[in-house]
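Close look at the chain arrangement
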There are 2 protein chains.
Amino acid sequence: MSVILARALTAAAFAPFGEVLETAGPPDKIINRGLCGRWHDRAGLEFGSTGRAGISVFRATPRALPMTLDMVERHPEGSQAFLPMSEHPFLVVVAPDADGVPGTPLAFLTDGAQGVNYARGTWHGVLTPLNGPGLFAVVDRIGEGANLEEHWFDTPHTVRLP
Amino acid sequence: MSVILARALTAAAFAPFGEVLETAGPPDKIINRGLCGRWHDRAGLEFGSTGRAGISVFRATPRALPMTLDMVERHPEGSQAFLPMSEHPFLVVVAPDADGVPGTPLAFLTDGAQGVNYARGTWHGVLTPLNGPGLFAVVDRIGEGANLEEHWFDTPHTVRLP
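Residues numbered from 1 in each chain as written. Chains lettered and ligands numbered in written order. Predicted model: local features only at pLDDT ≥ 70, side-chain atom pairs only at ≥ 80, totals over all residues. Heavy atoms only, no water.

Moving on to the overall build of chain A. Broken down by element type, chain A carries one helix and 16 strands. Computed over the C-alpha atoms, the radius of gyration of chain A is 16 Å, within 12% of the 15 Å expected from 2.2 N^0.38 for a compact globule of 162 residues. Per-residue burial over chain A gives 50% buried out of 162 residues. Residue pairs in contact within chain A that sit at least 24 positions apart in sequence constitute 80% of those at least 6 positions apart. Per element, the accessible surface of chain A, about 6,700 Å² overall, is 53% carbon and sulfur. Between the centroid of the 12 positive side chains of chain A and the centroid of its 17 negative side chains there is a distance of 8 Å. (Helix = DSSP H or I, 4+ residues; strand = E, 2+ residues; numbered from the N terminus. Rg over C-alpha atoms; globule rule 2.2 N^0.38 Å. Buried < 20%, exposed > 50% of the residue type's maximum accessible area, 1.4 Å probe, protein only. Contact = heavy atoms within 4.5 Å. Areas by Shrake-Rupley, 256 points an atom, 1.4 Å probe, with all protein chains shown as cover. Lys, Arg positive; Asp, Glu negative; His and termini not counted. Charge placed at Lys NZ, Arg CZ, Asp CG, Glu CD.)

Here you go:
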């Protein structure tokens with residue numbers, strides 16, 4: 001069983017997999033007479049030719065580290081954004097594609113003020129809060145057709161903090 | 001100056017203006033082998049014929065009640081969802097349309113686990129957190145063309161708790 005260390009999530013490290021949704025750097029616009037900064041249009045959203053955008057709410061059971069990672073999944077028809085509705089860090093697992101199966105996964109820990117958008121077709125772990133209430137808004141593709149591919153590892157990984 | 005009392009936000013009271021995004025009632029689906037509930041596709045999203053969905057991050061300065069409400073705005077070309085990235089209640093102000101101008105506003109206080117989606121063209125107040133960090137994910141229309149109409153009240157209102 002290989003060990004995967006969960007590192008701090010950064011936009012640079014996450015770039016091959018999608019976008020970190022956060023207020024890093026100056027805002028793109030200041031609105032509401034100076035009272036609000038807008039970090040504008042930060043996600044690469046895709047919903048395919050037969051889908052559309054939707055907002056769902058997920059409530060997931062919190063997990064604890066170290067944790068066994070036995071599968072990842074991907075959505076071939078669209079992107080998927082996990083937007084935390086709390087200030088707790090959560091675990092983000094992604095993996096590069098290697099000829100149709102996931103390569104070695106990477107794990108990241110958010111800083112409590114970050115969401116993520118997984119690019120279309122990106123291997124990723126399921127929603128993994130580490131604290132209650134485990135509440136997230138999710139922006140993903142609504143539409144007919146298969147949009148979920150799961151990959152179970154022959155040998156599970158262990159994800160832990162460094 | 002008229003007084004508007006901020007009431008608890010409920011889906012029923014908010015229905016004329018859009019949707020409350022929350023985990024009320026049983027989930028529509030249980031996913032991730034029982035570890036996650038999905039309240040599916042809960043927002044009436046519209047982005048017009050020339051727009052598309054985008055996710056932005058807003059960070060707004062917290063306000064305090066009682067508060068002066070001197071304007072509301074609307075987006076004629078699309079819906080707008082405010083998804084809190086904290087567990088703090090925030091203030092939601094909406095107004096019915098009365099021949100092209102806002103009627104008497106209504107004010108709601110979220111319960112700390114609710115987001116809102118304003119239906120296309122709905123008069124609403126600007127993003128109004130009552131606590132730091134004032135961080136929200138916003139799903140709204142990205143596109144060219146005018147999509148903001150502001151209305152300033154001749155006589156401002158005061159919003160306060162009951």
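A word on the relation of the copies chain B and chain A. Related by rotation about an axis and a shift along that axis, the two copies of the chain form a pair. In the superposition of chain B on chain A (RMSD 0.0 Å, axial shift 0.0 Å), the rotation amounts to 180°. Both copies are brought into coincidence by an operation consistent with a two-fold rotation axis. Comparing contact sets, 100% of the residues at the interface of chain B also lie at the interface in chain A, consistent with an isologous, same-surface contact. (Least-squares fit on C-alpha atoms with pLDDT ≥ 70 in both.)

Turning our attention to the confidence of the model for chain A. Residue-level pLDDT values for chain A average 97, and 99% of them are 70 or greater. As a predicted assembly, this complex carries a pTM of 0.98 together with an ipTM value of 0.98. (pLDDT = per-residue confidence, 0-100.)

Turning our attention to the interface of chain B and chain A. Each partner contributes residues to the interface: chain B has 52 residues there, and chain A has 52 residues. Between chain B and chain A the total buried area reaches about 4,000 Å² when both faces are included, carbon and sulfur atoms providing 58% of it. Of all residues in chain B, B:Ile55, B:Val57 and B:Met85 give up the largest surface area on contact with chain A, accounting jointly for 17% of the area buried on that side. With a shortest N-O distance of 2.9 Å, B:Asp140 and A:Arg38 are connected by a salt bridge. (Buried area = accessible area lost by both parts, 1.4 Å probe. Salt bridge = Lys/Arg side-chain N within 4 Å of Asp/Glu carboxyl O.)

Our focus in this paragraph is the environment of B:Trp152. The topology assignment puts B:Trp152 in strand β16 (residues 149-160). Note: C-alpha distance between B:Trp152 and B:Trp39 (113 residues apart in sequence) is 36 Å. Discounting chain neighbours no more than four positions away, the residues touching B:Trp152 are A:Arg33, B:Asp70 and B:Met71. In this structure the side chain of B:Trp152 is engaged in a polar contact, spanning 3.3 Å, whose partner is the side chain of B:Glu150. (Polar contact = N/O pair within 3.5 Å; in protein donor to acceptor, adjacent residues only side chain to side chain.)

A word on the packing of aromatic side chains. Residues and elements named next belong to chain A. One pass over the structure, following the stated rule, counts 12 aromatic pairs over all chains. When the ring of phenylalanine 14 is compared with that of phenylalanine 108, the centres are 6.3 Å apart and the planes differ by 80°; the resulting orientation is edge-to-face. One end of the pair, phenylalanine 14, is in helix α1 (residues 11-14); the other, phenylalanine 108, is in strand β11 (residues 106-109), with 94 residues separating them in the sequence. Each member of the pair phenylalanine 14 and phenylalanine 108 is classed as buried. (Phe/Tyr/Trp six-rings, centres within 6.5 Å; stacked < 30°, edge-to-face > 60°.)

Taken in spatial order, the seven strands line up as β3(A)-β4(A)-β5(B)-β15(B)-β7(B)-β12(B)-β2(B) in an open sheet, and their pairing is antiparallel. Lying at the two open borders of the sheet, with one neighbouring strand each, are β3 (29-31) of chain A together with β2 (18-21) of chain B. Between one strand axis and the next, the sheet turns through 25° on average, direction left out of account. Relative to strand β5 (residues 52-60) of chain B, strand β4 (residues 36-39) of chain A runs antiparallel, the two being bridged by four bridges. The partner of A:Gly37 across the bridge, within β5(B), is B:Arg59. (Pairing = 2+ DSSP bridges. Axes fitted to C-alpha atoms, helices over the stretch in contact; angles between N-to-C directions.)

Here we take up the sheet that holds strand β12 (residues 115-118) of chain A. Strand order across the open sheet formed by seven strands is β2(A)-β12(A)-β7(A)-β15(A)-β5(A)-β4(B)-β3(B), with antiparallel pairing between neighbours. Either end of the sheet is taken by a strand with one partner, and the two such strands are β2 (18-21) of chain A together with β3 (29-31) of chain B. Across this sheet, the average inter-strand angle for adjacent strands is 25°, counted without regard to direction. Where strand β7 (residues 80-84) of chain A lies against β12(A), three bridges are found, and the strand directions are antiparallel. Across the sheet, A:Phe82 pairs through a bridge with A:Val116, a residue of β12(A).

Moving on to the nonpolar core. With 28 residues, the main nonpolar core has A:Ile55, A:Leu83, A:Val139, B:Ile55, B:Leu83 and B:Val139 as its most contacted residues. Contributions of two or more residues to this core are made by β5 (52-60), β7 and β15 (135-142) of chain A together with β5, β7 (80-84) and β15 (135-142) of chain B. In contact with A:Ile55, not counting residues within four places along its chain, are A:Val138, A:Val139, B:Leu21, B:Asp41, B:Arg42, B:Ala43, B:Leu45, B:Ala81, B:Leu83 and B:Val139. (Core = buried A, V, L, I, M, F, W, Y, C linked by side-chain atoms within 4.5 Å.)

The next point concerns unusual backbone geometry. Between A:Gly132 and the following residue, A:Pro133, the backbone shows a cis peptide bond with an omega angle of 0°. Structurally, the position occupied by A:Pro133 is in the loop between β14 (128-129) and β15. If you check the backbone angles, A:Asn32 has positive phi at about 55° while not being a glycine. Mapping A:Asn32 onto the fold places it in the loop between β3 and β4. A positive phi angle, near 60°, is found at B:Asp99, a position not held by glycine. Residue placement: B:Asp99 occurs in the loop between β9 (97-98) and β10 (101-102). Its relative accessible area of 83% is what places B:Asp99 among the exposed residues.

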